[in-house]
Amino acid sequence: EAGVTQSPTHLIKTRGQQATLRCSPISGHTSVYWYQQALGLGLQFLLWYDEGEERNRGNFPPRFSGRQFPNYSSELNVNALELEDSALYLCASSLAVVGSNKNTEAFFGQGTRLTVV
Amino acid sequence: QKEVEQNSGPLSVPEGAIASLNCTYSDRGSQSFFWYRQYSGKSPELIMFIYSNGDKEDGRFTAQLNKASQYVSLLIRDSQPSDSATYLCAVNAYNYGQNFVFGPGTRLSVLP
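Structural notes, computed from the coordinates. As the structure is a computational prediction, the values presented were derived from the model and not from experiment.

1. Brief notes about the overall build of chain A
Working step 1: Counting its secondary structure elements, chain A contains 0 helices and 11 strands.
Working step 2: Written out in order from the N terminus, the α and β elements of chain A read β-β-β-β-β-β-β-β-β-β-β.
Working step 3: A globule of 117 residues ought to have a C-alpha radius of gyration of about 13 Å, and chain A, at 14 Å, matches this closely.
Working step 4: Viewed in the frame of its principal axes, chain A has a C-alpha envelope of about 40 × 30 × 30 Å.
Working step 5: Within chain A, buried positions represent 49% of all 117 residues.
Working step 6: Partitioning the contacts of chain A with sequence separation of at least 6, the portion at a separation of at least 24 is 55%.
Working step 7: Only carbon and sulfur atoms are counted for the fraction: they give 51% of the accessible area of chain A, which is about 5,500 Å².

Structure, rendered in structure tokens:
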């Protein structure tokens, strides 16, 4: 069974440009999470999508946005790129049930390393 | 107060020893707890999950949960140099409006 897949693996952009990152969850998973991990730092929660809806977002500016498609794949868009956006962007998927107090485990993709120059 | 806290380490143990990694969380509504291992430059890999108080064993790994103390730990028996990595504790944070909250991670170094 295929795991979570992310594309591209590496992305180099110039400051001010836009970046689009893609994620395909494990088959059957409806929840997709996006995290940012700057070099040497922890995972910072960006966005959570479930059943096509944004369920929550982390403390990031509005230029970080995304969406989830009917097939549950997801896209993260970062507009007006800044140098400090350079990081590993991780996508994870799970069978989370919205409104439940329990979660099934989340599995991560290999990440997209975004470099802003 | 941070939602999930871990000692950043590094925690150094000799090969063959038991490594003990600790995590505390602030949301009493949390019901699901996870441990991930992350090698440098790689994505996190799920090691274990635990939902009920007590111990859960899987091979060399044992997860321990104490909801009353809001504490979860991971024990690694017979530590190997290949266990050297950063270990991330994750908690579902239902009362904070998001599903998974990660701790900052503890860097473990197993010395040959």
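2. Overview of the side chain of T112 of chain A
Working step 1: Along the polypeptide, T112 of chain A turns up in strand β11 (residues 112-116).
Working step 2: Setting aside residues up to four positions removed in sequence, T112 of chain A forms contacts with Q6, S7, P8, T9, L11, L21, A87, L88 and Y89 of chain A.

3. What to know about the nonpolar core
Working step 1: Membership of the largest hydrophobic core comes to 24 residues, with the highest contact counts inside it found for W35, V72, L74, I76 and Y87 of chain B.
Working step 2: When neighbours within four sequence positions are excluded, Y87 of chain B is seen to be in contact with Q6, L21, W35, Y36, R37, I47, L74, I76, G105, T106 and L108 of chain B.
Working step 3: Y49, F60, L76 and V116 of chain A belong to the second-largest nonpolar core, a separate cluster that totals 21 residues.

4. Notes on the sheet that holds strand β7 (residues 64-68) of chain A
All names here are of chain A.
Working step 1: With respect to topology, 4 strands assemble into an open sheet ordered β1-β3-β8-β7, the strand pairing being antiparallel. Whereas interior strands pair on both sides, the edge strands pair on one side only; in this sheet they are β1 (5-7) and β7. Across this sheet, the average inter-strand angle for adjacent strands is 15 degrees, counted without regard to direction.
Working step 2: Across 3 bridges, β1 lies against strand β3 (residues 19-24) in antiparallel orientation. In the strand pairing of β3, S7 is matched with R22.

What counts and how
- Residues numbered from 1 in each chain as written.
- Chains lettered and ligands numbered in written order.
- Predicted model: local features only at pLDDT ≥ 70, side-chain atom pairs only at ≥ 80, totals over all residues.
- Heavy atoms only, no water.
- Helix = DSSP H or I, 4+ residues; strand = E, 2+ residues; numbered from the N terminus.
- Rg over C-alpha atoms; globule rule 2.2 N^0.38 Å.
- Buried < 20%, exposed > 50% of the residue type's maximum accessible area, 1.4 Å probe, protein only.
- Contact = heavy atoms within 4.5 Å.
- Areas by Shrake-Rupley, 256 points an atom, 1.4 Å probe, with all protein chains shown as cover.
- Core = buried A, V, L, I, M, F, W, Y, C linked by side-chain atoms within 4.5 Å.
- Pairing = 2+ DSSP bridges.
- Axes fitted to C-alpha atoms, helices over the stretch in contact; angles between N-to-C directions.

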